[in-house]
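Given next are the chains, with one letter for each unit.
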Amino acid sequence: MDVVVIGGGQAGLAAAFYLRRAGLEYVVLDDAPEPGGAWTHTWESLRLFSPAEFSSLPGWQMPPSRGGNPDAAHVVDYLRRYEERYEIPVERPVHVTEVRQAAGGFVVVGVDGAHETRTWRAPVVVSATGTWSRPFVPAIDGRSTFLGRQLHCSRYVSPAAHEGRRVMVVGGANSGAQIAADLALDPAVPEILWCTLDEPRYLPDDVDGRELFRLASARVRGEEGARGVGGLGDIVVVPPVREARDTGALRRLPMPQRLTRTGAVWADGTTREFDDLVWCTGFRPALRHLDGLDLPRESGHVVTDGPRVEGVPGLYLVGYGDWAGPASATLIGVGQWARAAVDDACALLGRGTVRRR
Ligand code: FAD
């Protein structure tokens, strides 16, 4: 085995595409029962920020979708077919618990579907485990005293579960705006409170994922004045967000000071009551399997140069977020970082090449 890839979502598959091209021997270990990675868990109304032709992994364009941008089921189907098309050897389910350095590379330890502990050895490891399995909820006074339902957006499905209930949604990025809009546009949900730390920053209405990717690419190329996505704003104005914003259904409140048994209290003394609380407060990288390697960290992230982990030859992180390569956590953006990892691995092994496009 030349390479063990951990994680079989879009990032792991993009790495597999280039490993196959390079002629290296590899396996992908994925702890999910089915293909699709995080896209198998998203809420029902979620649509991509971009059309299918701007949401493709390397090699094969995502087939067009009907009725606007693709939904999550379309992406899952694409990823399943991508695996088949490139005959990617994915072992499922295998949950990787540990990666250790050993003579000649790494030992990867995992538990398979029969609860058997298994090990793999390889000089190169690509970690592509995403963030979905590590939802983040911030500390706030009174959180444990609130008697209503609390869920992270990773568990949100649709407004049906909130019928007849007043809901507070916390979080000012895309998940927060989309879930608040989803609930606000459903007449069966009587009241929505949308709380964000800062005033929401909407991207211009005509800017979607294509422009975000263009900006991220310009930043990678070091182009003058390329401010990146954050320079434009945060929230992509997908149709439901636009409708909820324009009809006044989506109005923002500042963050409350603390939660109470039945609601929340704000700094000016205002109190409000609600039944459910949806935390749209982000994720952290799922990197527990690398804890034993004691990787260098800066500002909370592993120190990388693109996908290459500083000081640990043969270890690559693909996907995760801009800190591991601008746009690496998007369908269209992950390919360039997967390719960079495989290019580097070929040089390290002294074998294989990723052919020029
Ligand atoms: P994942 O899809 O999470 O895949 C990781 C895989 O690794 C999973 O199968 C997981 O089960 C497995 N795994 C995890 N830990 C282990 C372990 N220890 N051992 C073995 N396997 C493990 N991107 C776009 O391009 N366009 C969009 O419109 C868009 N919209 C988004 C909307 C939302 C709400 C969110 C949250 C993200 C969106 N993204 C979008 C971002 C991005 O495409 C996803 O986050 C993407 O799923 C990340 O892919 P990944 O392969 O890195 O991780």
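Residues numbered from 1 in each chain as written. Predicted model: local features only at pLDDT ≥ 70, side-chain atom pairs only at ≥ 80, totals over all residues. Heavy atoms only, no water.

By the naming in an unreviewed UniProt entry, the protein chain is Putative FAD-dependent oxidoreductase, taken from Mobilicoccus pelagius NBRC 104925.

(A) Representation of unusual backbone geometry. For the bond from arginine 92 to proline 93, the omega torsion is -20 degrees, close enough to zero to count as cis. Its place among the elements puts proline 93 in the loop between β3 (90–91) and β4 (94–102). The backbone phi angle of glutamate 87 is positive, close to 45 degrees, even though this residue is not glycine. For glutamate 87, the location among the structural elements is in the loop between α2 (72–85) and β3. Owing to a relative accessible area of 63%, glutamate 87 belongs among the exposed residues under this scheme. Backbone geometry at tyrosine 320 places phi at a positive 75 degrees, although glycine is not the residue there. Mapped onto the fold, tyrosine 320 is located in the loop between β20 (315–317) and α6 (334–349). Judged by its relative accessible area of 9%, tyrosine 320 is buried. (Helix = DSSP H or I, 4+ residues; strand = E, 2+ residues; numbered from the N terminus. Buried < 20%, exposed > 50% of the residue type's maximum accessible area, 1.4 Å probe, protein only.)

(B) Spatial organisation of the site of the ligand. The immediate surroundings of the ligand are formed by 28 residues, with Asp30, Asp31, Phe49, Ala329 and Leu331 found nearest. Note that an oxygen atom of the ligand is positioned 2.7 Å from one of the side-chain N or O atoms of aspartate 30. In the model, a nitrogen atom of the ligand is placed 2.9 Å from a nitrogen or oxygen of the valine 96 main chain. For the ligand, the protein covers 88% of the area, taking 990 Å² as the surface of the free molecule. At the level of elements, α1 (10–22) and β4 are the ones that each hand at least two residues to the shell around the ligand. Here the shell around the ligand is built from residues that sort into 16 nonpolar, 10 polar and 2 charged. (Near = heavy atom within 4 Å. Polar contact = N/O pair within 3.5 Å; in protein donor to acceptor, adjacent residues only side chain to side chain. Areas by Shrake-Rupley, 256 points an atom, 1.4 Å probe, with all protein chains shown as cover. Nonpolar A, V, L, I, M, F, W, Y, C, P; charged D, E, K, R; others polar.)

(C) Summary view of the nonpolar core. Counting residues in each nonpolar core, the largest one holds 69 residues, and the members touching the most others are Trp39, Leu57, Tyr82, Ile88, Val169 and Ile179. The dominant element in this core, judged by the number of residues it contributes, is α1, at 9 residues. Looking at this core, you find at least three residues from each of domain 1 (3–133 + 283–349) and domain 2 (143–200 + 235–279). Excluding anything up to four places from it in sequence, valine 169 contacts Gly176, Ile179, Ala180, Leu183, Ile192, Leu193, Trp194, Cys195, Val278 and Cys280. In terms of nonpolar packing, the next biggest core, distinct from the first, is built from 23 residues, Leu29, Phe106, Leu290 and Leu293 among them. (Core = buried A, V, L, I, M, F, W, Y, C linked by side-chain atoms within 4.5 Å. Domains from an automatic or database assignment. Contact = heavy atoms within 4.5 Å.)

(D) Region of the structure containing the domain arrangement of the protein chain. Splitting the protein chain by domain gives domain 1 (3–133 + 283–349) and domain 2 (143–200 + 235–279). Each of domain 1 and domain 2 was reduced to a C-alpha centroid, and the two centroids are 32 Å apart. On the side of domain 2, 13 residues touch domain 1, which itself brings 8 residues to the contact. Counting the surface lost from both domain 1 and domain 2, the interface buries some 920 Å², and carbon and sulfur atoms represent 63% of this. At the boundary of domain 1 with domain 2, the tally comes to 2 residue pairs in polar contact (both at pLDDT 80 or more). Within the side of domain 1 that touches domain 2, the residues separate by chemical class into 5 nonpolar, 2 polar and 1 charged. (Buried area = accessible area lost by both parts, 1.4 Å probe.)

(E) Quick peek at the pattern of salt bridges. Tallying each qualifying case throughout the model produces 19 salt bridges. Measuring nitrogen to oxygen at the nearest pair gives 4.0 Å for the salt bridge that ties arginine 272 to glutamate 191. With a gap of 81 residues between them, arginine 272 in strand β14 (residues 271–273) and glutamate 191 in strand β10 (residues 191–196) connect regions that are remote in the sequence. On the accessibility criterion, glutamate 191 (32% relative accessible area) is partly exposed. (Salt bridge = Lys/Arg side-chain N within 4 Å of Asp/Glu carboxyl O.)

(F) Spotlight on the packing of α1 against α2. It is the contact of α1 with α2, at a shortest axis distance of 11 Å, that shows an interaxial angle of 25 degrees. It follows that α1 is roughly parallel to α2 by the angle criterion. Remark: the crossing between α1 and α2 carries left-handed chirality. Here Gln10, Leu13 and Phe17 of α1 lie close against α2, whose contacting residues are Leu79, Tyr82 and Glu83. Taken together, the residues of the contact of α1 with α2 break down into 4 nonpolar, 1 polar and 1 charged. (Axes fitted to C-alpha atoms, helices over the stretch in contact; angles between N-to-C directions. Parallel < 35°, antiparallel > 145°, perpendicular 65-115°, else oblique. Left-handed = near helix turned anticlockwise from the far one by under 90°.)

(G) How the structure looks around the pairing of strand β9 (residues 166–170). In terms of residue burial, β9 counts as a mostly covered element, since 4 of its 5 residues are buried. Where β9 lies against β10, 5 bridges are found, and the strand directions are parallel. Looking at β10, one finds that arginine 166 is bridged to glutamate 191. Handedness of the crossover is the feature at issue here: the chain leaves β9, passes through helix α3 (residues 174–184), returns alongside β10, and the resulting connection is right-handed. (Pairing = 2+ DSSP bridges. Right-handed = clockwise from strand over helix to strand, strands pointing away.)

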